[in-house]
Amino acid sequence: MTVTAGAPLFDRLALIGVGLIGSSIARAARAAGAVRSIVATSRTEATRRRVVELGLADRVVETNTAAVEGADLVIVSIPVGQCGAVAREIGPHVAPGAIVSDVGSVKGSVLRDMAPHIPKGVHFVPAHPVAGTEFSGPDAGFAELFVNRWCILTPPADADPAAVERLAAFWRALGANVETMTAEHHDLVLAVTSHLPHLIAYTIVGTADELAAVTKSEVLKFSAGGFRDFTRIAASDPTMWRDIFLANKEAVLEMLGTFNEDLARLTRAIRRGDGELLFEHFARTRAIRRGIVQLGQDAAAPDFGRPHPALPQAPIPRPYATDTD
Ligand code: NAP
């Protein structure tokens, strides 16, 4: 499925932060014809220059306040720990009637930190596109990132339904499916589906790195046994993930409690040789994988569809050789 062009939903999109997510929004919004023009900015001169080189925006400006002037949609695509300070900075400069949104992976903290700085008459509709890769920066983005992925909107209770629907239409134009929920519920769901898996991956990869009895080269060489699948997640951006764990502390700790209980149950089963419990547990988890594939959230191909190299060209063994050999 590719992004297709339609009528512009917004006149001017202001993008604050043009990393993986911001640059993917720029590419997709352009490809879909969802906005008439894009003004972008980023914290560093190096990224701003790269955005110009890549031609991701109609205009690249030096400050966050300059970016939001005259925009009817502002999307803040920066680490969640920075969102409050940026909202305080841009708040007084956003045009009345505009929509201010974000893409942060935690929503409770974003609502808490940004909402107080959004002036009356400006619509604040936080969002989280549940799509990404382990890469960062403006070169990492691509227009199809959001196609068939979910974008979760977490509008405050008093949000204008028309503004929420307009932002939903924007995300649908970029190929995403849209769902609305409270920030609190979002943080609980994402603690299970994203934050806990990242913490586990960071732990496993860290543990393997510190083992004394197994060499580092052995860990890398034999990683196809399962370890390498965790390394993709554990290669994610350290700033972004530090901020996520600090911002979603309560929900992550709650899920970690449940996880530790389940881990203790499996540990006990292994110690006691309880094969029945292990088998029943693994059969249940296998069905979850099938469910994800059925919902179109991953490819059905084995081993994530990784290409497998061709067989080596071995000489034909003697018993099968022909007379003409
Ligand atoms: P990224 O590739 O590291 O890009 C972050 C961008 O934010 C960079 O352009 C950076 O600018 C800019 N920035 C940081 N602080 C800023 C500030 N104070 N003012 C203006 N720009 C600032 O990160 P990303 O992966 O796009 O993530 C951005 C947000 O999306 C995060 O909140 C994350 O939780 C969320 N998210 C990420 C994923 C994912 O898989 N990566 C998925 C969904 C949502 P410089 O380069 O100039 O420093």
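See the structure above.
Cut-offs used in this document
- Residues numbered from 1 in each chain as written.
- Predicted model: local features only at pLDDT ≥ 70, side-chain atom pairs only at ≥ 80, totals over all residues.
- Heavy atoms only, no water.
- Near = heavy atom within 4 Å.
- Polar contact = N/O pair within 3.5 Å; in protein donor to acceptor, adjacent residues only side chain to side chain.
- Areas by Shrake-Rupley, 256 points an atom, 1.4 Å probe, with all protein chains shown as cover.
- Phe/Tyr/Trp six-rings, centres within 6.5 Å; stacked < 30°, edge-to-face > 60°.
- Helix = DSSP H or I, 4+ residues; strand = E, 2+ residues; numbered from the N terminus.
- Buried < 20%, exposed > 50% of the residue type's maximum accessible area, 1.4 Å probe, protein only.
- Disulfide = S-S within 2.5 Å.
- Pairing = 2+ DSSP bridges.
- Contact = heavy atoms within 4.5 Å.
- Axes fitted to C-alpha atoms, helices over the stretch in contact; angles between N-to-C directions.
- Salt bridge = Lys/Arg side-chain N within 4 Å of Asp/Glu carboxyl O.
- Core = buried A, V, L, I, M, F, W, Y, C linked by side-chain atoms within 4.5 Å.

Novice: Is there a simple way to explain the site of the ligand in this structure?
Specialist: In the neighbourhood of the ligand, 28 residues make up the surrounding shell, with Ser42, Thr44, Thr47, Ile78 and Ser105 lying closest. A distance of 3.1 Å separates an oxygen atom of the ligand from a polar backbone atom of Val18. Here an oxygen atom of the ligand sits 2.9 Å away from a polar atom, N or O, in the main chain of Ile21. Summarising the interface, the protein chains cover 89% of the accessible area of the ligand, which totals 910 Å² for the free molecule.

Novice: Please clarify how the packing of aromatic side chains should be interpreted in this entry.
Specialist: Aromatic ring pairs are described here by two measures, namely the spacing of the ring centres and the angle between the planes. Summed over the entire model, instances satisfying the criterion amount to 4 aromatic pairs. Measuring from ring centre to ring centre gives 5.0 Å for Phe146 and Trp171, while their planes differ by 85°; the resulting arrangement is edge-to-face. Here Phe146 is found in the loop between β7 (127-130) and β8 (150-153), whereas its partner Trp171 is found in helix α6 (residues 161-173), with 25 residues between them in sequence. When sorted by exposure, Phe146 lands in the same class as Trp171, which is buried. Seen in terms of ring centroids, Trp241 and Phe245 are 5.7 Å apart; in terms of plane orientation they differ by 45°. Their pairing is tilted.

Novice: Help me understand the state of the cysteines, please; the structure alone is not making it clear to me.
Specialist: In a disulfide, the sulfur atoms of two cysteines are covalently bonded to one another. One pass over the structure, following the stated rule, counts 0 disulfides. Cys83 forms no disulfide, and the closest cysteine sulfur to it belongs to Cys151, at a distance of 14 Å. Exposure remark for Cys83: the relative accessible area of 0% places this residue in the buried category.

Novice: I keep staring at the sheet that holds strand β5 (residues 99-102) and nothing clicks. Help me out?
Specialist: Consider a sheet: its strands pair through backbone hydrogen bonds, and that pairing is either parallel or antiparallel. Reading across from one edge, β3-β2-β1-β4-β5-β6 is the order of the 6 strands in this open sheet, with parallel pairing throughout. In this open sheet, the two strands that pair with only one neighbour each are β3 (59-60) and β6 (123-124). Sheet topology note: the strand β2 (residues 35-41)/β3 ladder contains 2 bridges and is parallel. Note on β3: the bridge partner recorded for Val39 is Arg59. Running over the sheet, helix α1 (residues 20-32) touches β1 (10-16), β2 and β4 (73-76) and is turned about 160° from β1.

Novice: Just to check I follow, could you spell out the pattern of salt bridges for this structure?
Specialist: For side chains of opposite charge, pairing can occur when their charged atoms come near one another. Under the counting rule described, the total for this entry stands at 18 salt bridges. Of the charged contacts, one joins Arg30 and Asp58 as a salt bridge, the two residues approaching to 3.5 Å between their closest N and O atoms. Of this pair, Arg30 sits in helix α1 while Asp58 sits in the loop between α2 (45-54) and β3, and the two are 28 residues apart along the sequence. A salt bridge links Lys107 to Asp102, with the shortest nitrogen-to-oxygen separation between them at 2.8 Å. With respect to class, Lys107 is no different from Asp102; both count as buried. Connected through shared salt-bridge partners, Arg228, Asp229, Asp303 and Arg306 make up one network.

Novice: How should the side chain of Ser105 be read in this particular structure?
Specialist: Tracing the chain through its elements places Ser105 in the loop between β5 and α5 (108-114). If we ignore the near neighbours within four places in the chain, the residues touching Ser105 are Val80, His128, His186, His195, Met240 and Ile244.

Novice: Help me understand the nonpolar core in this model?
Specialist: One broad rule of soluble globular proteins: the nonpolar side chains tend to lie buried together. Ranked by size, the top nonpolar core spans 39 residues in total, and within it Leu13, Ile25, Phe146, Phe170, Trp171 and Leu174 carry the most contacts. Looking at this core, the elements that each hand over two or more residues are β1, α1, β2, β4, β8 and α6. Considering every element that reaches this core, the biggest residue donor is α1, with 7 residues. Those residues in contact with Phe170, other than ones at most four positions away along the chain, are Leu9, Phe10, Leu13, Ile25, Ala29, Ala34, Val35, Leu73 and Ile75.

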